[in-house]
Amino acid sequence: MKTSTIVAATVGTLAVATIGYAIYFDQKRRGDPEFRRKLKKEKKRALKQQKEEEKKKVTMTTQSAEEALASIKEEEFPTSMEEREKFCMEQLSTGEALFTRGPEYFDMAAICFYKALKVYPAPAELVMVYQKTIPPEVFTLVMSMLSMDVQKKQEKYYTVFPPKEMNVKVEELPEGVTAEGQKVIRRGLIATKDFAAGETIFSEIPIISSLEPSLEGNEFCHYCLKQIVGESKASCATCTKVVFCSETCEKAAATEFHTILCTKDSEDASTPERALYDYTKETNNKYPEMIAKFLVRMVHEETLNGGEEYNLFDHIERLRFLEVRPSAAEEKEIELLKVALGSKIPGIEEFINEERYLTLKGKLLYNAYGVSTSLDADRSVEPSPEQYRSVHDAPVVGAGFYRVTSYISHSCEPNTKIAFLDNNNNMSVVATRDVKAGDELHVGFIDQKNGTLSTEQRRQELFQHYRFKCMCPLCETTD
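Note that the structure is predicted; figures quoted are calculated from it, not measured.

Comments concerning the packing of aromatic side chains
Okay, so step 1: Taken as a whole and judged by the stated rule, the model has 17 aromatic pairs.
Okay, so step 2: With centroids separated by 6.3 Å and ring planes inclined at 55°, the aromatic side chains of F161 and Y407 adopt a geometry described as tilted. Of the two residues, F161 sits in the loop between α6 (136-160) and β1 (168-177) while Y407 sits in the loop between β8 (398-401) and β9 (409-410), which places them 246 residues apart along the sequence. Pair check on accessibility: F161 and Y407 agree, each one buried.
Okay, so step 3: An angle of 80° between the planes, with centres 6.3 Å apart, marks the rings of F445 and F468 as edge-to-face.

As C-alpha cells, this is what we get:
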C-alpha cells in the first residue's frame, strides 16, 4: 500500500474517532452534573498552572534583569561621541554573535544590547530596531533591564537633587482631596537649615533664558541678560542681531545654542533662522526662541555626555505645566522650529511633535520667572503677552527657566523673594523673614499692587494664569 494511502486512511480513521468522541463528550457535558463539575475543576487547575508558569517566567526575567544590571553596576561608559559610537557598534556585534549560539547565551546577549542602548543618542529608535531584529526572549530581558533602570533612576532622583549645598530639598506635600475623596499630592521646596531674614538661601543660573524681543541687539546681553554699560560689548562674529556683555558670554552662547540659531545677518526673510527671529520680533513672544535654545542645548549636552546621571529633559519632565491647547500660533511655531533646526540636528523634526512642544511651552508658562537686571528702575519695557512669575517690583527685561526655583510654590504672604544680586540671570532666593529647617519656601507669583488686591482679585488672577485656587493663610483668613 502506498504511503499516501496509509496516511489518508489513518487520517480518515482519526477523523471518525474524533467526531465520535466529540459526540460522546458533548452528551456527557450536557447530561452528567458530576462530569461537568470534574471538567470545571480540571479547567481551573489548568488555568492556575498556566498562571504559575507565566509568573515563574516573569520572576525569572526579573531575576535575570537584576543580575544583569548588578553585573555592570560599576562599569563606566565612554563619554566622547567617537568612543560611544565605537562602543555601541562593538556591543551590537557581540550581542548578535551571542544570541546566535543559542538560548544559554541570551542573558549575555541582552547585556550587550542594553549597554549599546545606554550610549546610543536615540535610544527609542534603537528599541524599535531591537523589536524587529533580536529574539523575543532577549528583547524581553533588555526591556526589563531598561524598565528596572528607569525605575531606580526615578526613585533616586530626589535623593541627589537638588544638590545638598543648595540648602533645600523637594518633598511631597498634601494638597487637599478630590471630589472622590482621593488625596492630592504636590511637590514643594523645603529648607534644610535655618535662615535669618535677609539671608540668601540659594542661587542658581537658568537652564535657559531670553531677553524681551524689543531689547535684543541693544544694551542687554543675549546670554546672561545683564545690562551692558560703556564700551564693553562683545559681538557675534556672524550677525549683528544680538550683543554680549563679554567674550565669555559670547563663547558660552555660541557653544550652547547661538551657532545653530544665528541669523548670520541674512537679508532673506525666508531663511529658517531669520524666519524664527522675525517671528519673535513681530509677535514679541520669546518662548518659541527659549524652546529652540533648550532643544539645541539639550542635544549639545547629550553629545558631550559628560557622565551626568540626569540630563536636561530629566530635570524638566517632573515639573508642573499648564495645558496649552493647540492654535494656529502654536502650529506656526512648531513649523518654524522644525525648519530652523531640522537641517542641523538629525532627528529633531520627529522629536518636535505637537504634544511635546505644547508641554514644553506649558512648562515655561507655569515655571518661568521674570528676570530684572536693568540698572534703571524707571525703565519702560514693552510688555510681552507671555506670562511669568514676577511681583513686578523692578523692570522685567526677560525670562528664565530654573531647575530648583521652579519647585517653589506661591503664597500671598511669601517667606522668600527673588533677587538678581549680580545684575544678570543668576537668581537668588532670599528669606524675607526667619526661615526654620523644615519650612516650605514660598514666593509671590503675581503683582499684588502693594497689597491693594482683595482675596477675590488675587485668587481670580492666580486661577486665570496658573489654574489653582490659592489656599495660603492670607487668603484663608480673609476669605
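What follows continues from the structure just given.
Section: the sheet that holds strand β11 (residues 427-431)
Okay, so step 1: Spatial ordering of the open sheet is given by β3-β11-β10, a layout of three strands whose pairing is antiparallel. This sheet does not close on itself; its edge strands, each paired only once, are β3 (200-204) and β10 (416-419). The sheet shows a mean angle of 20° between the axes of neighbouring strands, taken without regard to direction.
Okay, so step 2: Bridging between β3 and β11 involves four bridges; their strand directions are antiparallel. In the strand pairing of β11, T200 is matched with V430.

Some words on the sheet that holds strand β4 (residues 208-211)
Okay, so step 1: Taken together, the three strands give an open sheet; going across it, the order is β4-β8-β7, and neighbouring strands pair in antiparallel fashion. Whereas interior strands pair on both sides, the edge strands pair on one side only; in this sheet they are β4 and β7 (369-371). Each strand of the sheet is rotated relative to its neighbour by a mean of 25°, with strand direction disregarded.
Okay, so step 2: As judged from the three bridges shared by β7 and β8, these two strands associate in the antiparallel manner. Each residue of the ladder has a partner; that of G370, found in β8, is A399.

Structural notes on the pattern of salt bridges
Where side chains of opposite charge bring their charged atoms close, a pairing between them can arise.
Okay, so step 1: Inspection of the entire model under this criterion finds 19 salt bridges.
Okay, so step 2: Between E75 and K115 there is a salt bridge, with the nearest N and O atoms lying 3.1 Å from each other. A residue pair is termed long-range when its members are at least 10 positions apart, and E75 in the loop between α2 (33-71) and α3 (81-99) and K115 in helix α4 (residues 106-119) qualify at 40 residues.
Okay, so step 3: What makes E75 partly exposed here is its relative accessible area of 29%.
Okay, so step 4: Counted as one network, the salt bridges with shared partners bring together E175, R186 and E440.

With respect to the pairing of β8
Okay, so step 1: Going residue by residue along β8, you find G398 and G400 tucked away on one face and A399 and F401 tucked away on the opposite face as well.
Okay, so step 2: Relative to β8, β4 is paired through four bridges, and the arrangement is antiparallel. For S209, the partnering residue across the bridge sits in β8 and is G400.

Some words on the state of the cysteines
Covalently bonding the sulfur atom of one cysteine to the sulfur atom of another cysteine gives a disulfide.
Okay, so step 1: Taken as a whole and assessed by the stated rule, the structure comprises zero disulfides.
Okay, so step 2: Of the cysteine sulfurs around C249, a residue in no disulfide, the closest is that of C245, at 3.7 Å.
Okay, so step 3: Between C412, a free cysteine, and C475, which holds the nearest cysteine sulfur, the sulfur-to-sulfur gap is 3.7 Å.

Conventions we followed
- Residues numbered from 1 in each chain as written.
- Predicted model: local features only at pLDDT ≥ 70, side-chain atom pairs only at ≥ 80, totals over all residues.
- Heavy atoms only, no water.
- Phe/Tyr/Trp six-rings, centres within 6.5 Å; stacked < 30°, edge-to-face > 60°.
- Helix = DSSP H or I, 4+ residues; strand = E, 2+ residues; numbered from the N terminus.
- Buried < 20%, exposed > 50% of the residue type's maximum accessible area, 1.4 Å probe, protein only.
- Pairing = 2+ DSSP bridges.
- Axes fitted to C-alpha atoms, helices over the stretch in contact; angles between N-to-C directions.
- Salt bridge = Lys/Arg side-chain N within 4 Å of Asp/Glu carboxyl O.
- Disulfide = S-S within 2.5 Å.

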